Amino acid sequence: MSLKHIFAAAACAATVLTCGPVSAADPVTYTVGTGATYRPFEFQAPNKELVGFDIDLVKAIAKEQGFKVEFINTLFGVIFESVRNGDRDMIISGITITPQRKEAVDFSYPYFAAHQLILTQKNLTVKSVADLKGKNVAVVANSAGDIACSKVFGKASSNIKRFDNTPLVLEELSAGGVDAAVGDIGVFAYYALQNPEKQFNMARDPSFEDQYFGIAFRKGNTELRDKVNEGLKKIIANGEYAKIYAKWFGDKTQPPKLPIP
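Bear in mind the structure is a predicted one, so any value in this text is a computation, not a measurement. (Residues numbered from 1 in each chain as written. Predicted model: local features only at pLDDT ≥ 70, side-chain atom pairs only at ≥ 80, totals over all residues. Heavy atoms only, no water.)

Glancing now at the pattern of salt bridges. Counted according to the given criterion, the structure contains 7 salt bridges. A salt bridge links Glu230 to Lys234; the nearest nitrogen and oxygen atoms lie 3.4 Å apart. Of this pair, Glu230 and Lys234 both sit in helix H8 (residues 222-237), 4 residues apart, which is roughly one turn of that helix. Residue Lys234 is classed as partly exposed on the basis of its relative accessible area of 31%. (Salt bridge = Lys/Arg side-chain N within 4 Å of Asp/Glu carboxyl O. Helix = DSSP H or I, 4+ residues; strand = E, 2+ residues; numbered from the N terminus. Buried < 20%, exposed > 50% of the residue type's maximum accessible area, 1.4 Å probe, protein only.)

This is the structure we're talking about:
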């Protein structure tokens, strides 16, 4: 081979190494744990697809930030453990931000304004949790409703009936197995409106604080948390959040004002 051919071959090799087409890396995929029994935030459609307000919210954030998500149906009773041990990258399941939970996980900015609601049978009217003394009350185990009832009646009270998920709580109330249930307003109000024949009564205890839902991450995973926070701010600013809110809570319902810096 001539010297000219050797130099030409070297130039070609250099071109391949330094100037050839570079394929874009595939977007990173994050696993999202969600308890798909929490209508209208997350639940299974007839075709088994996970749908709901939370699902649409995370999809919109992912699209805005250029990553992908894989939703994994996860029991609420183990959902915090799943993100703490790294089985899930983030969890979203109508999770109320509380001081106790902040000690275990990192939260995103609040994405939904919520508070606890008391739902009672049509023949029972109350104004506070204390008015439920002596009554059987259904809650989701370890939920904010459980915490509220335990604070008033004691954690070991036999009147507190704990269930694995919200549908079981509402099923028990609907069947007359309990006098009342305490849970998040978004789900409970939605259920009462969808079942007008039950004539449930709704009340908010004056002691119930304004609360917010957040997306949770393993402690110290600030990179993903910040990425999600940035995406949340973007979809609020560009109107996508309002569209998702209207889809699940009606066109006449105004999106909440969220304490986002």
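There's more to say after this.
What follows is about the confidence of the model for the protein. Here the protein shows a mean pLDDT of 89. Residues at 70 or above account for 90%. In this model residues 1-23 is a low-confidence stretch, pLDDT under 50, and it forms 3 contacts with partners more than four residues away in sequence or in other chains. (pLDDT = per-residue confidence, 0-100. Contact = heavy atoms within 4.5 Å.)

The N-to-C vectors of helix H2 (residues 53-65) and helix H9 (residues 240-249) enclose an angle of 165 degrees; their axes lie 10 Å apart at closest approach. Taken together, the axes of H2 and H9 are roughly antiparallel relative to one another. When you trace H2 past H9, the crossing you get is right-handed. On the side of H2, the interface is formed by Phe53, Asp56, Leu57 and Ala60, while H9 contributes Glu240, Tyr241, Ile244, Tyr245, Lys247, Trp248 and Phe249. Per-class residue counts for the contact of H2 with H9 are 8 nonpolar, no polar and 3 charged. (Axes fitted to C-alpha atoms, helices over the stretch in contact; angles between N-to-C directions. Parallel < 35°, antiparallel > 145°, perpendicular 65-115°, else oblique. Left-handed = near helix turned anticlockwise from the far one by under 90°. Nonpolar A, V, L, I, M, F, W, Y, C, P; charged D, E, K, R; others polar.)

Bringing the layout of surface pockets into the picture now. In this structure, the largest pocket encloses a volume near 390 Å³. Surrounding the largest pocket, 17 residues form its lining, Ile147, Ala148, Lys151, Glu209 and Gln211 being those nearest its centre. Where the lining of the largest pocket is concerned, the elements lending two or more residues are helix H4 (99-102) and helix H5 (144-153). Of all the elements, H5 adds the most residues to the lining of the largest pocket, at 5 residues. Per-class residue counts for the lining of the largest pocket are 8 nonpolar, 5 polar and 4 charged. Quantified by volume, the second largest pocket comes out at close to 270 Å³. At the level of elements, strand E8 (112-114), helix H7 (185-194), strand E14 (211-213) and H9 are the ones that each hand at least two residues to the lining of the second largest pocket. The element contributing the most residues to the lining of the second largest pocket is H7, with 5 residues. (1 Å grid on protein atoms, 1.4 Å probe; cavity = no way out; pocket = protein on both sides within 12 Å on 5 of 7 lines; lining within 4 Å. Points joined across faces, edges and corners; volume = space filled by probe spheres on them.)

Turning our attention to the packing of aromatic side chains. Here the structure, examined in full by the defined rule, presents 20 aromatic pairs. On the basis of an interplanar angle of 20 degrees and a centroid distance of 5.4 Å, the ring pair of Phe112 and Phe213 is categorised as stacked. With Phe112 in strand E8 and Phe213 in strand E14, this residue pair connects regions lying 101 residues apart in the sequence. Neither Phe112 nor Phe213 differs from the other in exposure class; each is buried. Taken together, the ring pairs in this structure connect Tyr38, Phe41, Phe53, Tyr111, Phe112, Phe213, Tyr241, Tyr245 and Phe249 into an aromatic cluster. Positioned above the aromatic ring of Phe43, the side-chain terminus of Arg39 is 3.9 Å from the ring centre. (Phe/Tyr/Trp six-rings, centres within 6.5 Å; stacked < 30°, edge-to-face > 60°. Lys NZ or Arg CZ within 6 Å of the ring centre and 35° of its normal.)

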